[in-house]
Amino acid sequence: MRTATYPDDAPIGDAYLTHEAVRAVLERQDNRCAGCSAALDAGSTYFDLRRPAICGGSHTLGNLEALCPSCHRNHMHRIRELFADPVAHRNK
Ligand SMILES: [Zn+2]
């Protein structure tokens, strides 16, 4: 689901997410986790860049996703693996 008000390439600012960006992502995902579709709880929702900035990902709404704590951990784990052994990852 996309909203015309928040194009995917809209910048979301630097370190902190605006309330509008958070709401736009949650609306787009229907308040569900981008990883496992579990309903998200406002107190334990993580906002991650799908493609991390360190990998060239942009700080935009389209690159942002809301994750539950468990998917957030997996996401971080994947990124760490990617950096620990980029060659092994590429050969998969
Ligand atoms: Zn999840």
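Residues numbered from 1 in each chain as written. Predicted model: local features only at pLDDT ≥ 70, side-chain atom pairs only at ≥ 80, totals over all residues. Heavy atoms only, no water.

In the nomenclature of an unreviewed UniProt entry, the protein chain is known as HNH nuclease domain-containing protein of Methanoculleus sediminis.

Visitor: I'm lost on the overall build of the protein chain in this one. Help?
Guide: In terms of regular secondary structure, the protein chain is built from three helices and two strands. Element order for the protein chain, N to C, with α for helix and β for strand: α-β-β-α-α. Within the protein chain, residue pairs in contact and separated by at least 24 positions form 57% of the contacts whose partners lie at least 6 positions apart. Carbon and sulfur atoms form 53% of the exposed surface of the protein chain, whose accessible area is close to 6,200 Å². (Helix = DSSP H or I, 4+ residues; strand = E, 2+ residues; numbered from the N terminus. Contact = heavy atoms within 4.5 Å. Areas by Shrake-Rupley, 256 points an atom, 1.4 Å probe, with all protein chains shown as cover.)

Visitor: Is there a simple way to think about the side chain of H75 in this case?
Guide: By secondary structure assignment, the location of H75 is in helix α2 (residues 69-84). Given the relative accessible area of 4%, H75 is considered buried. Contacts of H75, omitting those with residues within four sequence positions, involve D48, L49, R50, E65 and L67. (Buried < 20%, exposed > 50% of the residue type's maximum accessible area, 1.4 Å probe, protein only.)

Visitor: In this structure, what is going on with the nonpolar core? I would like to understand it.
Guide: Looking at soluble globular proteins, one finds that nonpolar side chains tend to be buried together. Formed by 14 residues in total, the largest nonpolar core has its most connected members in C33, L40 and L61. Elements represented by at least two residues in this core include exactly α1 (19-28) and β2 (64-67). (Core = buried A, V, L, I, M, F, W, Y, C linked by side-chain atoms within 4.5 Å.)

Visitor: Whenever I open this one, the coordination of the zinc ion confuses me. Can you help?
Guide: For a metal bound by four donors in a tetrahedral arrangement, the ideal donor-metal-donor angle is 109.5 degrees, while six donors in an octahedral arrangement ideally sit at 90 or 180 degrees. Surrounding the zinc ion are the protein donor atoms C33 (SG), C36 (SG), C68 (SG) and C71 (SG), which sit 2.3 Å from the metal. Around the zinc ion, the four donor atoms are arranged such that angles at the metal cover 103 to 113 degrees; this shape is classified as tetrahedral. Assessed through its relative accessible area of 10%, C68 is described here as buried. (Donors = N, O, S within 2.8 Å, 3.2 Å for Na, K, Ca; no water. Tetrahedral: all angles 85-135°; square planar, octahedral: opposite > 155°, others 65-115°.)

Visitor: I would appreciate a short explanation of the environment of D9 in the present structure.
Guide: Tracing the backbone through its elements, the reader meets D9 in the segment before α1. Given the relative accessible area of 59%, D9 is considered exposed. Each C-alpha atom, one on D9 and one on H59, is 8.6 Å from the other, the two residues being 50 residues apart in sequence.

Visitor: Is there a simple way to think about unusual backbone geometry in this case?
Guide: Note: most peptide bonds trans; most residues except glycine with negative phi. With a phi angle near 60 degrees, D30 is a residue other than glycine that sits in the positive phi range. Even without glycine at this site, S37 takes up a positive phi of about 65 degrees. One can find S37 in the loop between α1 and β1 (46-49). Accessibility expressed as a relative area gives 46% for S37, which makes it partly exposed.

Visitor: Can you help me understand the pattern of salt bridges in this one?
Guide: Per the counting criterion, the structure on display carries one salt bridge. Of the charged contacts, one joins E65 and R50 as a salt bridge, the two residues approaching to 3.9 Å between their closest N and O atoms. Remark: R50 occurs in the loop between β1 and β2 and E65 occurs in strand β2; sequence separation between them is 15 residues. (Salt bridge = Lys/Arg side-chain N within 4 Å of Asp/Glu carboxyl O.)

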